[in-house]
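# Examination of the molecular architecture
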Amino acid sequence: MSSENLPQSPAQEPRKPRVAVVFGGRSSEHAISVVTAGAVLRAIDREKYDVLPIGITTDGRWALTADEPDRMAIADRTLPSVENLAESTEGGVVLSVDPGNREVVLSEPGSVPKALGEIDVVFPMLHGPYGEDGTLQGLLELSGVPYVGSGVLASAVGQDKEYMKRVFISFGLPVGPYEVIRPREWENDPSAARKKIVDFAGEHGWPLFIKPARGGSSMGITKVSDLSGLDAAIEEAQRHDPKILVESLLRGREIECGVLEFEDGPRASVPAEIPPVTSHDFYDFEAKYIDSAAGLVPAPLTGEQTAEVRRLAVEAFDAASCEGLVRADFFLLDSGEFVINEINTMPGFTPISMYPRMWQETGVSYPELVDRLIQAALRRPTGLR
């Protein structure tokens, strides 16, 4: 009998890549991570990808969560949490550290572990320590699972503002004056540590910004106008991080620029400007996420200024060995010079976040932006590269 006359098995459709969206976490930015993940879950093309939402509770438990983006938004000034989204209050999701096994398992007390299937890529929507700082990236490297965003080194550098600035200085990027107070300095001799800050103010002037060295979302930052507010500002910063960063006030305009990894390398978006926030002392957490201070996209800059800030953003991306995406934040000083303040290796993706707004204005829609990040992660191997 001719093979042409044999019954043919129906062709199996190729399996869609499975994306695990991991969010929440143990840092003080837990709620913002949940909000960001909700926006990303809403934007992922479900015809193209299978999606597995995994939340990390504030005490570090990995939980299977409901795929319900509407429950992940800020409502009536109330912040969401993984605890309210978790499908169970016990047990957790386990990711194998065997690079030959990408299967995730749900393990609950008194029950047989349940296989949740293999994952092809992780979209880590975590902000702050224990997620954005290289810790989760290290776990994923051990597991051999590709992931969106920067690797271990760049994530750690991007989280620690002291070493971020040291890297930028070594690459010749312009950085403003700063000082660091390490935990041991404050514990051993708080008077000497306080004098160090006062001497810095004597050189660069008041006011100062006292902030956690390894924080984000403007949490724990205090603007201090004189010595009387210093101790309270230090205490507030140390609630988020025992290492403190002290920065002088830079007089100028706040400019941001997004960087995105394309097939041919990183490109910069049109820049945005954060205008002065009259209802807040500076662009703090409330202004960013609760009161929704509006940024100007694109920033009203000259063509020369726009080209310069885009160039500097890509240079910062490369200097820190970043991958995938970065939001670079600058000050345009009254003198006309750009000074880089910091980079954010996993910027917010909330509906009002500047990073997606800048790329929308550049011609990359929100769904396309999410897709490009997933595709870049799928192209990139884990391990040394």
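These lines cover the structure that appears in this document, whether it is placed above or below. Quick caveat: nothing in here was measured; it's all calculated off a predicted structure.

It is worth spelling out the packing of helix H6 (residues 190–204) against helix H7 (residues 230–238) at this point. Packing of H6 against H7 leaves a shortest axis separation of 12 Å and a crossing angle of 110°. Between H6 and H7, the interaxial angle falls into the category roughly perpendicular. Regarding H6 and H7, the two cross each other, and that crossing is right-handed. Residue-level contacts link Arg194, Ile197 and Val198 of H6 to Leu230, Asp231 and Ile234 of H7. Looking at the contact of H6 with H7 residue by residue, the class counts come to four nonpolar, no polar and two charged.

With that settled, consider the sheet that holds strand S1 (residues 18–24). Reading across from one edge, S3-S2-S1-S7 is the order of the four strands in this open sheet, with mixed pairing throughout. Each edge of the open sheet carries a strand with a single partner, namely strand S3 (62–64) and strand S7 (121–126). Neighbour-to-neighbour, the strand axes of this sheet turn through a mean angle of 30°, independent of strand direction. Summarising the sheet, S1 and S7 pair through six bridges and their orientation is parallel. Counted as the bridge partner of Ala20 is Val122 from S7. Its contacts with the sheet place helix H1 (residues 30–43) against S1, strand S2 (50–56) and S7, and it is angled at close to 155° to S1.

With that settled, the discussion passes to H7. Among the residues making up H7, those that are buried are Leu230, Ala233, Ile234 and Ala237. Buried residues of H7, seen end-on, are gathered within an arc of 100° and therefore sit on one face of the element. Residues of H7 that are exposed and angled more than 90 degrees away from the buried face: Ala232 and Glu235. The elements touched by buried residues of H7 are helix H5 (183–188), H6, strand S9 (208–212), strand S10 (222–224) and strand S11 (244–248).

Once that is clear, we can look at H6. Between its first and last C-alpha, H6 extends 21 Å over 15 residues, near the 21 Å set by a 1.5 Å rise per residue. All of the buried residues along H6 are Ala193, Ile197, Phe200 and Ala201. Projected onto a plane normal to the axis of H6, the buried residues spread over an arc of 100° and lie on a single side. H6 presents Lys195, Gly202 and Glu203 as exposed residues on the side facing more than 90 degrees away from its buried surface. Packing partners of the buried residues in H6 comprise strand S8 (178–181), H5, S9, H7 and S11.

Take the nonpolar core next. Within the largest apolar cluster, 33 residues are counted, with the highest numbers of intra-cluster contacts made by Val21, Phe23, Ile44, Phe123, Met125, Phe349 and Ile374. Elements with a minimum of two residues in this core: S1, H1, S7, strand S12 (252–262), helix H10 (354–362) and helix H11 (366–379).

Nonpolar side chains collect at one region of the surface, where Val198, Trp206 and Leu227 lie side by side and expose about 240 Å² of accessible area between them. Here Trp206 is to be found in the loop between H6 and S9.

Attention now moves to the packing of helix H3 (residues 152–159) against helix H4 (residues 161–170). Between H3 and H4, the shortest axis-to-axis distance is 5 Å and the interhelical angle comes to 110°. By the angle class used here, H3 and H4 are roughly perpendicular. On H4, the residues that touch Val157, Gly158 and Gln159 of H3 are Lys161, Tyr163, Met164 and Val167. Partitioning the contact of H3 with H4 into residue classes produces four nonpolar, two polar and one charged.

The element strand S15 (residues 325–333) is extensively covered by neighbouring structure, given that nine of its nine residues are classed as buried. Inspection of the sheet shows S12 paired to S15 by nine bridges, in the antiparallel sense. Residue pairing for S15: Arg253 is matched across the bridge by Leu332. In the sheet, S15 pairs with strand S16 (residues 338–344) via six bridges, with the strands oriented antiparallel. Within S16, the position partnered with Ala328 by the bridge is Ile343. Hairpin connection of S15 to S16: four residues between the antiparallel strands, including Gly336 at a positive phi of 95°.

Okay, the packing of aromatic side chains next. Scanning all chains against the criterion turns up five aromatic pairs. When the ring of Phe349 is compared with that of Tyr355, the centres are 5.8 Å apart and the planes differ by 55°; the resulting orientation is tilted. Per residue, the accessibility class of Phe349 equals that of Tyr355, and both read buried. The rings of Phe123, Phe349, Tyr355 and Tyr366 are connected pair by pair, giving a single aromatic cluster. The cationic tip of Arg26 hangs over the ring face of Tyr130; the distance from NZ or CZ to the ring centre is 4.0 Å. In this arrangement the basic side chain of Arg166 is found over the ring face of Tyr163, its NZ or CZ atom lying 5.9 Å from the centre.

On to the sheet that holds S9. Taking strand neighbours across the sheet as the criterion, the four strands line up as S8-S11-S9-S10 in an open arrangement whose pairing is antiparallel. If you trace the sheet from one side to the other, it starts and ends with S8 and S10, each paired once. Averaged over all pairs of adjacent strands, the angle between their axes in this sheet comes to 25°, without regard to strand direction. Along the sheet face, H6 touches S8, S9 and S11 and points at about 175° away from the line of S8.

Parameters and conventions
- Residues numbered from 1 in each chain as written.
- Predicted model: local features only at pLDDT ≥ 70, side-chain atom pairs only at ≥ 80, totals over all residues.
- Heavy atoms only, no water.
- Axes fitted to C-alpha atoms, helices over the stretch in contact; angles between N-to-C directions.
- Helix = DSSP H or I, 4+ residues; strand = E, 2+ residues; numbered from the N terminus.
- Parallel < 35°, antiparallel > 145°, perpendicular 65-115°, else oblique.
- Left-handed = near helix turned anticlockwise from the far one by under 90°.
- Contact = heavy atoms within 4.5 Å.
- Nonpolar A, V, L, I, M, F, W, Y, C, P; charged D, E, K, R; others polar.
- Pairing = 2+ DSSP bridges.
- Buried < 20%, exposed > 50% of the residue type's maximum accessible area, 1.4 Å probe, protein only.
- Arc of directions from axis to C-beta.
- Expected span 1.5 Å × (residues − 1).
- Core = buried A, V, L, I, M, F, W, Y, C linked by side-chain atoms within 4.5 Å.
- Patch = residues over 30% accessible without salt bridge, like charges linked within 9 Å, V, L, I, M, F, W, Y side chains within 5 Å.
- Areas by Shrake-Rupley, 256 points an atom, 1.4 Å probe, with all protein chains shown as cover.
- Salt bridge = Lys/Arg side-chain N within 4 Å of Asp/Glu carboxyl O.
- Phe/Tyr/Trp six-rings, centres within 6.5 Å; stacked < 30°, edge-to-face > 60°.
- Lys NZ or Arg CZ within 6 Å of the ring centre and 35° of its normal.

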